Amino acid sequence: MLKNAPKSEALKTRANVATNAPKRISHLEKVLAHAEKKLAVNKTPTSSELLALYKRFLKIEEHRLRLKHYAGGGGREIARLRVNLIDVILQHLVTYAVDLEKPANVAMLPLAVVAIGGYGRGELNPYSDIDILFLRPKGQAPKYITNIIEKILYLLWDVGFKVGHATRTLPEAYAQANGDMISKTALLESRYLAGDATLYQRFKVEFVAQCVVPFREVYLQWRVENQKERHEKFGGTVFVQEPNVKSGCGGLRDYQNLLWVSYFKAGLTSPAELVAQKIIPETDRRHLEKAYDFLLRVRTELHYLTQRSSDALTIYLQGQVANKFDYPEKNVIARSEAFMRDYYQHTRTIFRIGELVLEHFVGIEEEAPKTRGGLLALLRRKKPARIEKLDGFIIKAGKLNHESREIFGQDHFRLIRVFQYAQQRNLTFSLELAQLIRRRVRLVDRTFQYSRVARETFIAILSRKGEVGRILRMMHETEFLGRYMPEFGVLTCLVQHEFFHRYTADEHTLVCIEKLDELIDTKEEKFRDYQALFQKLEDPFVLYLALLLHDTGKASAKRNHAETGAINAARVAARLQLTSERRKELIFLIDNHMVLSEVAQRRNIEDESTIAGFAEIVKNQNNLDALMLLTLADGQGTSDQGWSDWKESLVWRVYRSTSHYLADGVAFYEERRAERATLQETVAKKMAKDFGAEIEAHFQFMPEHYFQAFDAAEIIGHIRFFRELFTDFAKSDADSRLPRIRWIARPEQGHSEVWICTWDRSDLLWQIAGSFAVVPLNILSADIFTRQDNLVLDVFRVCDTRFNAVTYDKEIARVDKTLAQSLTIEDFDFTPLIARTRKSKIYPAAHEFDFPTRIRVNNESNPHHSVVEVQCPDRLGLLYDLLRALSDLEINIFTSRITTEKGAAIDTFYVSNQKGEKITDLSALNHLIKALTNAVTQNRESNT
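The following refers to the structure shown. Bear in mind the structure is a predicted one, so any value in this text is a computation, not a measurement.

1. Examining the sheet that holds strand 11 (residues 778-786)
Link 1 in the chain: Taking strand neighbours across the sheet as the criterion, the four strands line up as 9-10-12-11 in an open arrangement whose pairing is antiparallel. Two strands close off the open sheet at either side, each with one partner strand: strand 9 (740-746) and strand 11. Each neighbouring strand pair of the sheet contributes to a mean axis angle of 15 degrees, computed without reference to strand direction.
Link 2 in the chain: Lying on the sheet, helix 36 (residues 712-730) is in contact with strand 9, strand 10 (751-759) and strand 12 (791-799); it crosses strand 10 at an angle near 45 degrees.
Link 3 in the chain: Packing of helix 37 (residues 764-773) onto the sheet brings it into contact with strand 9, strand 10, strand 11 and strand 12, and relative to strand 12 it is tilted by some 25 degrees.

2. Describing the packing of helix 40 (residues 878-888) against helix 41 (residues 922-937)
Helix-helix packing is described using two parameters, namely the angle between the two axes and the distance between the axes.
Link 1 in the chain: The contact between helix 40 and helix 41 brings their axes to 9 Å, and the two run at 155 degrees. Judged by the inter-axis angle, helix 40 sits roughly antiparallel to helix 41. Between helix 40 and helix 41 lies a crossing whose hand is right-handed. Along its contact with helix 40, which presents Leu878, Asp881, Leu882, Ala885 and Leu886, the element helix 41 presents Leu928, Ala931, Leu932, Ala935 and Val936.
Link 2 in the chain: Among the residues making up the contact of helix 40 with helix 41, the classes are represented as nine nonpolar, no polar and one charged.

3. Things to note about the pairing of strand 3 (residues 163-169)
Link 1 in the chain: With seven bridges connecting them, strand 2 (residues 130-136) and strand 3 associate as parallel partners. Its bridge partner lying in strand 3, Leu133 is registered against Ala166.
Link 2 in the chain: Taken together, strand 2, helix 6 (residues 143-159) and strand 3 constitute a β-α-β crossover, and its handedness is right-handed.

4. Structural notes on helix 34 (residues 692-701)
Link 1 in the chain: Buried within helix 34 are the following residues: Glu694, Ile695, Ala697, His698 and Phe699.
Link 2 in the chain: Its buried side turned inward, helix 34 meets helix 33 (665-686), helix 35 (704-709) and helix 36.

5. Let's talk about the nonpolar core
Link 1 in the chain: One finds Leu400, Phe419, Phe458, Leu472, Met475, Phe480 and Leu545 to be the most contacted residues of the largest nonpolar core, which totals 86 residues.
Link 2 in the chain: Counting residues per element, this core draws most heavily on helix 26 (residues 540-549), which supplies nine residues.
Link 3 in the chain: Not counting residues within four places of it along the chain, the set of residues in contact with Leu472 comprises Phe458, Leu462, Leu481, Leu510, Ile513 and Leu548.
Link 4 in the chain: Core analysis: the second largest hydrophobic core is formed by 69 residues, Ala177, Phe203, Val238 and Ala322 among them.

Procedures and definitions
- Residues numbered from 1 in each chain as written.
- Predicted model: local features only at pLDDT ≥ 70, side-chain atom pairs only at ≥ 80, totals over all residues.
- Heavy atoms only, no water.
- Pairing = 2+ DSSP bridges.
- Helix = DSSP H or I, 4+ residues; strand = E, 2+ residues; numbered from the N terminus.
- Axes fitted to C-alpha atoms, helices over the stretch in contact; angles between N-to-C directions.
- Contact = heavy atoms within 4.5 Å.
- Parallel < 35°, antiparallel > 145°, perpendicular 65-115°, else oblique.
- Left-handed = near helix turned anticlockwise from the far one by under 90°.
- Nonpolar A, V, L, I, M, F, W, Y, C, P; charged D, E, K, R; others polar.
- Right-handed = clockwise from strand over helix to strand, strands pointing away.
- Buried < 20%, exposed > 50% of the residue type's maximum accessible area, 1.4 Å probe, protein only.
- Core = buried A, V, L, I, M, F, W, Y, C linked by side-chain atoms within 4.5 Å.

Now the structure itself:
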């Protein structure tokens, strides 16, 4: 490489015309000076010498960029400076390769080196790919051209870059672009780097003529459909709990998409040109550019934190980014919330303006008014439509617009009536009207909030079954809802640090309401019973209002958000002047909105006292029906996977039992006794007569809740299973300590059932849990039934580490063998076996989010047992450690509810002391909580 080799024209141009950015010019000049000093040499170096030079140079410049980023450098600034750095290296590499390989008699190099994709756009985050096109004229490439390209690529790879590359002639490049829209987009953003500049200029002109102009409509249609598919893939809303910075709704790709659409439709290449054409106002341009810069800065930080090309902003990383960005709040949760509020506000800006631009250029049509907001797939040709006027508004083609920009100044209450018109006539807003509402929501003051007109209109809107969610979302997107209902407004963009939630608090609420709306027309069989409840509901307003307010307590950061939400509800009820009956129902629903789900999942619902206690809370059938609907909506609105068939079956069992109890408490108990007798008769009729004594013993000795959990067919299977155990005991060589085990694969449900029958003993449960852990298998649930004759039936639901049913014979055999050894070998030690499994890569690492650990003992829920509740992150061997701790304290477990989901364990144990009594002694309670806390935390570090 020549010491005084000239800089490329592209590089000199960029150094001279970096507009409005004196700091960037200064930085680039330093990079160029450093490059000339470090990369230029007096003789042609070897590849290894050159590689060492580049690595040292890159290390220094990368460090300089990182310092600039942490000093507050903008996202765009850092991304462009990185491009400058790569340009410097690549252009030196081209010079070196050409000097090495080009024959002396060749005057002009028939090759253009072109940056494409994000590199061509001039934006690279720390670990982004570098996409390069080697562009040639038509015809066979000379050998030296191939050698030059290979030399460049090998050195780039050796330096450490991840390079995407292609070598094409001009016709090949056009053909590739016209055959693949992604390639067309990448080439659209091409940028000259080195080589034959004339060839590149020819390419630019011909590319527009051959690949842009003839394909405008096709490309636009593909762009809109592609964006819709991408949005659906990443949550369908800006407000997902763990957004994708690049591809999610309102992400970097949405900004780039609006520019691509603008170019193909109108030849516009920047937001400034959109302003000049009066497509967006200048304020929107400023907000758009600020939002994009923020997202680029976030992506740069994600790359630094993960040391790879990373776009998923997980809960775990949100706190780290907030810390790096120096948010001033006192603790990491508050800093994370503040950072994510900014993030959601910026992505919402990009999403909203992107929709406005697409509406302007391609006329996006909404698929159906009841769907959630977002880009829709179909393009429509604008057709003449009948125009209708209503209260100062214009209705045209299913959209509402305003006659005058002073419409809301003339009558403030049009700000809420406009939503009623949209609901009554199934209309949407034009983007111009939506923007005007945002600018006028300041008119919604205290007088407006307390006014009779607004109150009656709002109540009317929330009283139309199946039509509320869309309107509330329109209110929220125009910022009216939070202004009129400030109790809800504080949830805007509030990230939920809760393990099961997928959305922000405001988005979760709106999704819940939309899920309730869907019941009115549902065709799904499993929702028909909910639909019947919803259809007979006389006053849907209270239920809708309860859903709107049910999580408002989360903004207070207090532990019991339901209580705070109930206080908010009382304030709203007073403002809306609700009747006493409506107010009581509203407060009841919000104060108890989690109770039905918690009882179903964490309590022994076969126990009559559980149902009686829940009925005392519910009071009447109307409350129960409304709470059932609220529980469904809340569960479905948590996430797509948040409402499983298993949860639903548990909730319905609680609902039906409670409904029966509310109708006639005495009959409820009597029928329970009668049901057991009828069940015994059914079982006896279906089994051979020689099972008579065993059936009698089974129904005499099994606890009452067992018969509420299983039907006749299942009970018959269990009785036969007990006989197999008795047969084993009768064999002369049998070891009475060994259990009988049966595995039943249920692949359609994603788990296997494991029945274990044996003599009861104090250490049995933790030995079973330990045997599952060494494979390892996930324990999803465990039901424990102890007969009065000291025999036990334990039913476990387990899955493998891939969350499938256990079908591998080796895994099954290992559980059986380990359990047999633990029961027959004195002082059998699971510790080394589980430790070995923890160190292996078989078992997945703990979830990144630190799910909160909560342990409490409840002596009020059950008349006979203390209820121990453990909530903590799941890990390998957790249940083993918990059960071992209870065994060491000589605590008897009557039954348990084991729930494992998405890496979280929520376990409930009904326990007593050695005397069969509740654990009420303060010292014993403290020892119990301490032992369980140690069990939860003792092996957590080794599992991460």
